[in-house]
Amino acid sequence: MSTDPLLRLSGVSKYYGKHCALENITFDVHAGQVVGLMGHNGAGKSTCLKASLGLIQAGGSIELLGLEPLKNRSKLLESVAYISDISVLPDWATTNQLMAYMNAIHPSFDEDRLIRMLKLSNVPLNNRIKTFSKGMVTQLYLALILSIDCRLLVLDEPTLGLDVLMKSRFYQYLTNHYDLNTGGIIISSHQVEELEDFLTHVVILQDGHIILKADIDTLFKRFKQVKIQQDTYSDVKKQCPSAIIVQYHPKGRCSIILDSDDESTYAAFGQLSQPKLRDIFIYLIKQNGQTDTGALI
Amino acid sequence: MNRLQGLIIKELLEQKLVGRILIISLCYVFYIVLYTILLSIDQITLEQLNYDRLPKFNINVWLVEHNAFIWDSASNWCLLFQSFYTLSCCFDERADKSIVFWRSMPISDTISIATKLLVVFLLIPIGWLLVCSFLVFLTFLCFSFYTLDYTIYLPFTWWEVFRLWDMLLLSPIFLSLMLCSSTAKSSPAIQAIVSFLIIIFSELLVLIILGRPTSIIEVFIGNAGFVWPHILNFYYTLLWEGYSIDKLLDFKYEFLVLVVYNVVAFLSLVGARKLQA
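Predicted model only: the values in this text are computed from it and were never measured. (Residues numbered from 1 in each chain as written. Chains lettered and ligands numbered in written order. Predicted model: local features only at pLDDT ≥ 70, side-chain atom pairs only at ≥ 80, totals over all residues.)

### A short note on the overall build of chain B
Item 1. Summing up its helical and strand segments, chain B has 11 helices and 0 strands in all.
Item 2. Shown N-terminal to C-terminal, the secondary structure of chain B runs as helices and strands in the order α-α-α-α-α-α-α-α-α-α-α.
Item 3. The 277 residues of chain B split such that 23% are buried.
Item 4. Within chain B, counting contacts between residues at least 6 apart in sequence, those at least 24 apart form 77% of the total. (Helix = DSSP H or I, 4+ residues; strand = E, 2+ residues; numbered from the N terminus. Buried ≥ 20, exposed ≤ 12 C-beta atoms within 10 Å, placed from the backbone. Contact = placed C-beta atoms within 7 Å.)

### Regarding the domain arrangement of chain A
Residue and element names in this part refer to chain A.
Item 1. Considered domain by domain, chain A is made up of domain 1 (7-207) and domain 2 (219-289).
Item 2. Computed from C-alpha atoms alone, the centre-to-centre distance between domain 1 and domain 2 is 34 Å.
Item 3. The partner domain 2 presents 9 residues to the 10 residues of domain 1 that form the contact.
Item 4. No other element matches strand E8 (residues 201-206), which puts 3 residues into the side of domain 1 that touches domain 2.
Item 5. Partitioned by chemical class, the residues of the side of domain 1 that touches domain 2 number 5 nonpolar, 2 polar and 3 charged. (Domains from an automatic or database assignment. Nonpolar A, V, L, I, M, F, W, Y, C, P; charged D, E, K, R; others polar.)

### Concerning helix H5 (residues 134-146) of chain A
Residues and elements named next belong to chain A.
Item 1. Helix length check: H5 (13 residues) gives 18 Å between terminal C-alpha atoms against 18 Å at 1.5 Å per residue, within 8%.
Item 2. Here H5 has its buried residues at Val 137, Thr 138, Gln 139, Leu 140, Tyr 141, Leu 142, Ala 143, Leu 144, Ile 145 and Leu 146.
Item 3. On the buried face of H5, the contacting elements are strand E5 (80-83), helix H3 (95-105), helix H4 (111-119) and helix H6 (164-177). (Expected span 1.5 Å × (residues − 1).)

### A few points about the nonpolar core
Item 1. Counting residues in hydrophobic clusters, the biggest one holds 92 residues, and the most contacted among them are Leu 37, Val 80, Leu 152, Val 154, Ile 186, Ile 256 and Phe 281 of chain A.
Item 2. For this core, the element with the highest residue contribution is H5 of chain A, accounting for 8 residues.
Item 3. Once residues within four sequence positions are removed from consideration, Val 80 of chain A is found in contact with Leu 53, Leu 64, Cys 150, Arg 151, Leu 152 and Val 154 of chain A.
Item 4. Formed by 32 residues, the second largest nonpolar core is a distinct cluster that contains Ile 21, Tyr 85, Leu 175 and Ala 184 of chain B. (Core = buried A, V, L, I, M, F, W, Y, C linked by C-beta atoms within 7 Å.)

### Points about the interface of chain A and chain B
Bring the parts together and some accessible area is lost; that lost area is often taken as the interface size.
Item 1. Listed as interface residues are 23 residues of chain A and, on the opposing side, 21 residues of chain B.
Item 2. Of the residues forming the side of chain A that touches chain B, the biggest block, 6 residues, is contributed by H3 of chain A.
Item 3. A class-by-class count of the residues in the side of chain A that touches chain B yields 13 nonpolar, 6 polar and 4 charged.

### What about the confidence of the model for chain B?
Item 1. Residues with a pLDDT of 70 or more make up 82% of chain B, whose mean pLDDT is 80.
Item 2. Per the prediction output, this complex has pTM 0.80; the corresponding ipTM is 0.79. (pLDDT = per-residue confidence, 0-100.)

### What to know about the packing of H5 of chain A against H6 of chain A
In helix packing, the relevant descriptors are the interaxial angle and the interaxial distance, both defined with respect to the helix axes.
Residues and elements named next belong to chain A.
Item 1. H6 packs onto H5 with a crossing angle of 20 degrees between their chain directions and a minimal axis gap of 10 Å. Comparing their axes, H6 and H5 come out roughly parallel. The way H5 lies across H6 gives a crossing that is right-handed. The segment H5 lies against H6, with Lys 134, Gly 135, Thr 138, Gln 139, Leu 142 and Leu 146 engaging Met 166, Arg 169, Phe 170, Tyr 173, Leu 174 and His 177. (Axes fitted to C-alpha atoms, helices over the stretch in contact; angles between N-to-C directions. Parallel < 35°, antiparallel > 145°, perpendicular 65-115°, else oblique. Left-handed = near helix turned anticlockwise from the far one by under 90°.)

### Some remarks on the sheet that holds strand E10 (residues 223-229) of chain A
Residue and element names in this part refer to chain A.
Item 1. Spatial ordering of the open sheet is given by E11-E12-E10-E13, a layout of 4 strands whose pairing is antiparallel. Looking at which strands have only one partner, the edges of the open sheet turn out to be strand E11 (244-248) and strand E13 (272-273).
Item 2. In this structure, E10 lies alongside E13, joined through 2 bridges in antiparallel fashion. Bridge pairing in E13 links Gln 225 to Ser 273. (Pairing = 2+ DSSP bridges.)

Quick look at the structure:
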């Protein structure tokens, strides 16, 4: 397998007037990786993905499959599949019409694969998309995109507006049908909890800046969580300035996250446990942008 | 199906062009029939209302007499239809957000816009001509059954209605409407009307500033102003009075402006589509 990254961003910046949407963004996506691009609303996730695909212009250097995306957008989209919000599928079309369209215009589209996938779903072939449930639209969109022999799958908030069951089905469908041996996935979301079991790498953005990039194992090794009484928080903070409350519990208890590999240092505070990705995310956002006032974000 | 066919079929389906052409053609035929009936009634005296004495309707005479009316009307209705298409083709994609899906396909923005122009300048006129010809033929065939005169004369000039030359002259209008469709926030038609009014009022304002006050009506009909009278004169002379080499040579600078405007408008359309990320 080639070691060249599928996607390489080096010092990518994007300004809308004086507003900084992205500043010095640098990371790679390789085959076999599922990279989660996470951040709060307005952190720059979608801007970053659109710049990566050549949909918008940005400063710095971007290489997608070794090519500059802005100049080679239509050629690159033969090998890169992109899903944004599922509501962008044209609701006047039927499944058969979209299949015929994709077959005509997409050189990497595999019609047989789509038919096989649709047979496993309950998506009708001759009805208009406007008559579909959200679940059916999701399945159809994913099936269409996964029928493309793509080397990189770019997902921009793909589960926005879906209920928990649909989100779960979305990721299950994706896991079952996408071959990670040859391709990579980059997925943006601010709904961190749904991505936890799916990612191999994480890039967290805040106000257009990367505040963390790591593989998921390193991330979980680095951060530890401990439950303490809220009134002891100030003492803990004195001993460990990196401690930040990420969750409040009944009976005056709260969960704090500590940033260290050295478990023995903090064992005295209580039973250390593995934090959820969501809590690490809250920790990093609070650490980099907000003072710990005790308020939940 | 190849790429071009795929893109054209997408346009046909998205804009429901087949159904719309059929409906508007039926309206057009109804308009022609109504015109025919009203003209006939005008010519029939009360004495002739007895069926036996009613002069038989001669389709061939009628077609020859009203050939210009029928196909000039067809041409005008087609222009109306093309204008509707150009106003909605880019706007609808933006309104239902499907432009994000279309732009995620390996088709360049230039090809997407060029396909829409192909539909405007070629497919709609051809589709319109075929459907209208068939419906007009069918309608007058019915008249022929009624009058027992089965010979139908199809004037040759029918096919001259959709001259490519006219299409070239009208291209800035279609491209301007497409620009409205690409940029309008809520209604492309209102944006088109507002843009037109801005041109007229700008002319009026400049005239007032230069100390030559006039009325908005004078500017509107082209009796006063700088740009608008030129445009009116250009179209009136070439489209209404017909072409001649001398006239074409008189308008060489206008043609240059027309070509430059078309190129700029096309690039703007592609640019506007790029911004729909």
